Each structure stands twice: as C-alpha cells, then as structure tokens.
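Spelled out, the chains give:
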Amino acid sequence: MVSSAAMSSGPSGGPQIRLILVEDVPQVAQYVRNLLNSQSTIKLLDVISDGGKALAQIAQLRPDVVMVDALLQGRVKGLQLVEQISVSANPVPVVVVTVPQQPVAPDVELGIHGVLTMPFSGYDLVNKLGSIHKSYVASDAARGSRVVSVFAPKGGVGKTTIAFNLACAIGQVGQKTVLIDGSLQFGDLRALLKVPGDAPSIIDLPTDRIAESDLQDVLWRDPSGIDILLAPPRIEQAEMITTRDVDKILSILRRVYQCVVIDMGSSIGDLNLAFLDASDTIVEIVTYDSTTIHNTIKAAEAFRAIGYPPTKVRYLVNRADSAGGVTAEELERALGRVPEYQVMSDGRLVVQANNDGVPFVLAEPDAAISRDLLRIAGDLVGAPTAAAVGAAARR
C-alpha cells in the first residue's frame, strides 16, 4: 500500500507549499488544520502560539509561506512579527489572518503579501497561499531552484552513473549544483567516488536545527565542481534519517543551490517518497529489458495513485542503442508514451571513468554519451542551446 506520505505532492507535480501558522487561539488553529486536511497542495509544518519563537522556527524549517494572526497577543504582536519577518535573514511571504472588525490591507513594503479575513473557506485558503507563493517565487529567481530526482525501480540500469554525470553536466551549464546520495542504506555514490569511510554524511547534520553554515562542514567537495551530500557510511545508520530531516535539508539546499539532484534508492518507501514529493522532475531510468520495463510500469501505477501528474516524470532510456530484443515501439507501448530522453552506450568510457571516480561528461565531453547527458541537463534547467552546453563542458 502506498504510504500516506505519498500524498504530499500538489496536483501541479511540484513540491508542496510548506506553511507555518503563527496563531495563539486554539480554535482558529484547529479551523485552519481542518481546512487543510482535505487537500494535498499545502503542507502545514508547524503551528506556533508564541510570536517570540516564530523567527527561530522559520529559520529552522524554512517554510514557503507564513500565516500570522494580526491579533496575535504576547510579547511580540502579530503585525510586529510580520515586520520582523520581512527584515530577517530568512524573509518569507506572509499572509495575515484577521477579522472584519480589524481590517488589514496588503502591503508588500510592510511584509504583508496577502490577507485572509475570517471566516474563509478551504478554497479561499488554498488559492490565497498558492497565488502568494507563485508570485513570490516569480519575483525572486533565487527561489526558483529545481530539484531533480534520478530514479529507477530496478538496480543495474546505470542510475548512479547517470545521476552523477547529470549533476556534473548541470554544473557545467552554470548552475550551482548539489548532488544528494539518496541511496541512504548502501551509499552508491560513496562507492562510485571512492569516498573515505570517515567522510561526513547526512547524519552529521544537526537533527534539531539545520543552518546553511552546517552544510559547509558536511558536504563533500568533489573535484568535478559540484557538492555532494553523502549517505551514511553504515547501513543501519540510514534509520536515523526521518522524513522531517529530508524536508528540512531540501528546504535549505533549495535556497543555497540553483539545482538539487538526488540519486534515489530503488524502493518506494517513506523516505524516498519525501524526496520524490519534493522533486520538480523525476528522471526515471529505463532500459530495454523486460524486468526493468515491468517494474517501471508498476512504478507508474504507484505514481498515479499518489497523484503525480505525468509531466512530473520524464523517462530516460539508458543504453538506447542496445535494444536486446525489445523494440523502441514495444517500450513506448509499455510506457504509454515516447520516452523524453535517450542516452547511447559507451562501455569503455563509462567503465574507465567510473573506475577513476570521475564524470565521463568532463573526461570526454565530446563523446556521444556525454553530449546526450549535456543536452538533457540543458533541457532540465533551461540552458539556451546544446552548442552552448557543449562549449561550457569543454571550458
């Protein structure tokens, strides 16, 4: 059965809008909770009743939108908190909740990006938060960071190699990129890159509060030019990672990097769903063999049940010139569409590069397989032309 965590992606296929509510009236807080229970586009991270604690929690959880009660009591009043948020180190759009007797006007200069007057419907709430978030992202290109997960429902299809080289290719087109080893139990990237066993990993990040400064001590600096957040060095340590940790980590990485690439594990469990839910695009690897195609169809059924739209998943046919008895037409019929991407095989280059722990897109940028990955990278992040991508790789 698909976990309830699977429902945390909005119908648009992008990550959910992450919300913090600052509200000291329990009845109002419960009213908002009830409205959000029947939808899947907004994720309520926390309800804070003390305005004096709000800034610290915002810095920790990094929400996309904050709702503040204009009538908030305590040491820090509602509109005072709104002003503090607007000038803080972690500015975030704020929707103010008020009542008809105490009207409040939207004023971006004061940090008030929108207003909801009680009582409001679930439709009003979701639409208001959605429009505010969309406008805020559009006005701040730095918040337009993309999360791309590289997924395969079966091992042995070249997923980790593709993820590593894709991340490097995205870095070559001028995007500040970080790669996450999402295979938390087995640490596939650790093996590929021959990382020392004592190298810092995701478990070295603080569990209670993660700040950008913590990343500097934990990320692996790869010679290829990208940063890598490694999986734990031992299998049992993967159990220390929670979905809440994943949410917090991705929230911070989105603000530091223009592109976050995740080398996913092959299962569909709570942690993988947290990664997939937060992804703007899932690049799913498929090859011309019956077992992989069977598992890919099963994964597509699960994604439909979760609510991912077809546009969230892009199929990449690896070793596309090695059909192995399965025709391209048969693969298209099985998938129900034409795969978006193809990567040719080059066993000599791939094996040599992997043995050396280097990306083949940098080792031989003019090879056909490298050009394939560079074109895909350009498409995913909106690079202008394939020629420009190739030129960047040769610099």
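Located above this text is the structure these notes cover.
Residues numbered from 1 in each chain as written. Predicted model: local features only at pLDDT ≥ 70, side-chain atom pairs only at ≥ 80, totals over all residues. Heavy atoms only, no water.

Draft legend 1. Layout of the overall build of the protein chain. The helix and strand tally for the protein chain stands at 15 helices and 13 strands. For the protein chain, the proportion of contacts with a sequence separation of at least 24, taken over those separated by at least 6, is 74%. Summed over all atoms, the accessible surface of the protein chain reaches about 16900 Å², with 53% contributed by carbon and sulfur. (Helix = DSSP H or I, 4+ residues; strand = E, 2+ residues; numbered from the N terminus. Contact = heavy atoms within 4.5 Å. Areas by Shrake-Rupley, 256 points an atom, 1.4 Å probe, with all protein chains shown as cover.)

Draft legend 2. Structural context of the sheet that holds strand 1 (residues 17–22). If you trace the five strands from one edge of the open sheet to the other, you get 2-1-3-4-5, paired in parallel fashion. A strand with exactly one partner marks an edge of an open sheet, and here the two such strands are strand 2 (42–48) and strand 5 (112–117). Each neighbouring strand pair of the sheet contributes to a mean axis angle of 25 degrees, computed without reference to strand direction. Relative to strand 2, strand 1 is paired through six bridges, and the arrangement is parallel. Of the residues in strand 2, the one forming a bridge with I20 is D46. (Pairing = 2+ DSSP bridges. Axes fitted to C-alpha atoms, helices over the stretch in contact; angles between N-to-C directions.)

Draft legend 3. Highlighting the side chain of T287. By the element assignment, T287 lies in the loop between strand 11 (281–286) and helix 10 (290–306). Exposure remark for T287: the relative accessible area of 6% places this residue in the buried category. Looking at T287, its side chain comes within polar contact range of the side chain of D289, at 2.6 Å. For T287, the contacting residues outside a window of four places in its chain are V157, T292, I293, N318 and R319. (Buried < 20%, exposed > 50% of the residue type's maximum accessible area, 1.4 Å probe, protein only. Polar contact = N/O pair within 3.5 Å; in protein donor to acceptor, adjacent residues only side chain to side chain.)

Draft legend 4. Highlighting the packing of aromatic side chains. A complete count under the given rule lists three aromatic pairs for this structure. With centroids separated by 5.7 Å and ring planes inclined at 70 degrees, the aromatic side chains of Y31 and F120 adopt a geometry described as edge-to-face. On the criterion of sequence distance, the pair formed by Y31 in helix 1 (residues 26–37) and F120 in the loop between strand 5 and helix 4 (122–139) is long-range, its members being 89 residues apart. For Y31, a relative accessible area of 27% corresponds to the partly exposed category. Exposure remark for F120: the relative accessible area of 4% places this residue in the buried category. Relative to Y308, the ring of F303 lies with its centre 5.3 Å away and its plane at 45 degrees, an arrangement referred to as tilted. Take F303: its relative accessible area is 3%, and that puts it in the buried class. Cluster of aromatic residues (ring-pair linked, three or more members): F151, F303 and Y308. (Phe/Tyr/Trp six-rings, centres within 6.5 Å; stacked < 30°, edge-to-face > 60°.)

Draft legend 5. Quick peek at the packing of helix 2 (residues 54–61) against helix 3 (residues 78–86). Packing of helix 2 against helix 3 brings their axes to within 10 Å, and their N-to-C directions diverge by 40 degrees. Between helix 2 and helix 3, the crossing angle belongs to the class labelled oblique. Like other packed secondary-structure pairs, helix 2 and helix 3 cross with a definite hand, here right-handed. Contacts from A54, L55 and I58 of helix 2 reach helix 3 at L81, Q84 and I85. Split into classes, the residues belonging to the contact of helix 2 with helix 3 amount to five nonpolar, one polar and no charged. (Parallel < 35°, antiparallel > 145°, perpendicular 65-115°, else oblique. Left-handed = near helix turned anticlockwise from the far one by under 90°. Nonpolar A, V, L, I, M, F, W, Y, C, P; charged D, E, K, R; others polar.)

Draft legend 6. Quick peek at the nonpolar core. Of all hydrophobic cores here, the largest spans 45 residues; its most connected members are L229, L253 and F303. Per-element tally for this core: the top contributor is helix 8 (residues 243–256), with six residues. When residues no more than four places from it in sequence are discounted, the contact partners of F303 are F151, I268, L276, I282, E284, Y308 and V313. Counting residues in hydrophobic clusters, the runner-up holds 41 residues, among them F164, A169, V261 and F360. (Core = buried A, V, L, I, M, F, W, Y, C linked by side-chain atoms within 4.5 Å.)

Draft legend 7. Layout of the pattern of salt bridges. In this structure the tally under the stated criterion is 11 salt bridges. Between K43 and D247 there is a salt bridge; the shortest N-O distance is 2.3 Å. Here K43 is found in strand 2, whereas its partner D247 is found in helix 8, with 204 residues between them in sequence. In this structure D247 comes out as buried when scored by relative accessible area, which is 14%. Note that D263 and K159 form a salt bridge whose closest N and O atoms lie 2.7 Å from each other. (Salt bridge = Lys/Arg side-chain N within 4 Å of Asp/Glu carboxyl O.)

Draft legend 8. View of the layout of surface pockets. In this model, the second largest pocket occupies a volume close to 250 Å³. Every residue lining the second largest pocket is counted, 14 residues in all, and those nearest its centre are G182, L184, Q185, S267 and N272. When residues in the lining of the second largest pocket are grouped by element, the largest group, three residues, is from helix 9 (residues 270–278). Grouping the constituent residues of the lining of the second largest pocket by class yields four nonpolar, eight polar and two charged. (1 Å grid on protein atoms, 1.4 Å probe; cavity = no way out; pocket = protein on both sides within 12 Å on 5 of 7 lines; lining within 4 Å. Points joined across faces, edges and corners; volume = space filled by probe spheres on them.)

Draft legend 9. Main features of helix 3. Within helix 3 the residues assigned to the buried category are G78, L81, V82 and I85. Down the axis of helix 3, the sector holding all buried residues measures 105 degrees, keeping them to one side. Packed against the buried residues of helix 3 are strand 1, helix 2, strand 3 (65–69), strand 4 (94–98) and strand 5. (Arc of directions from axis to C-beta.)

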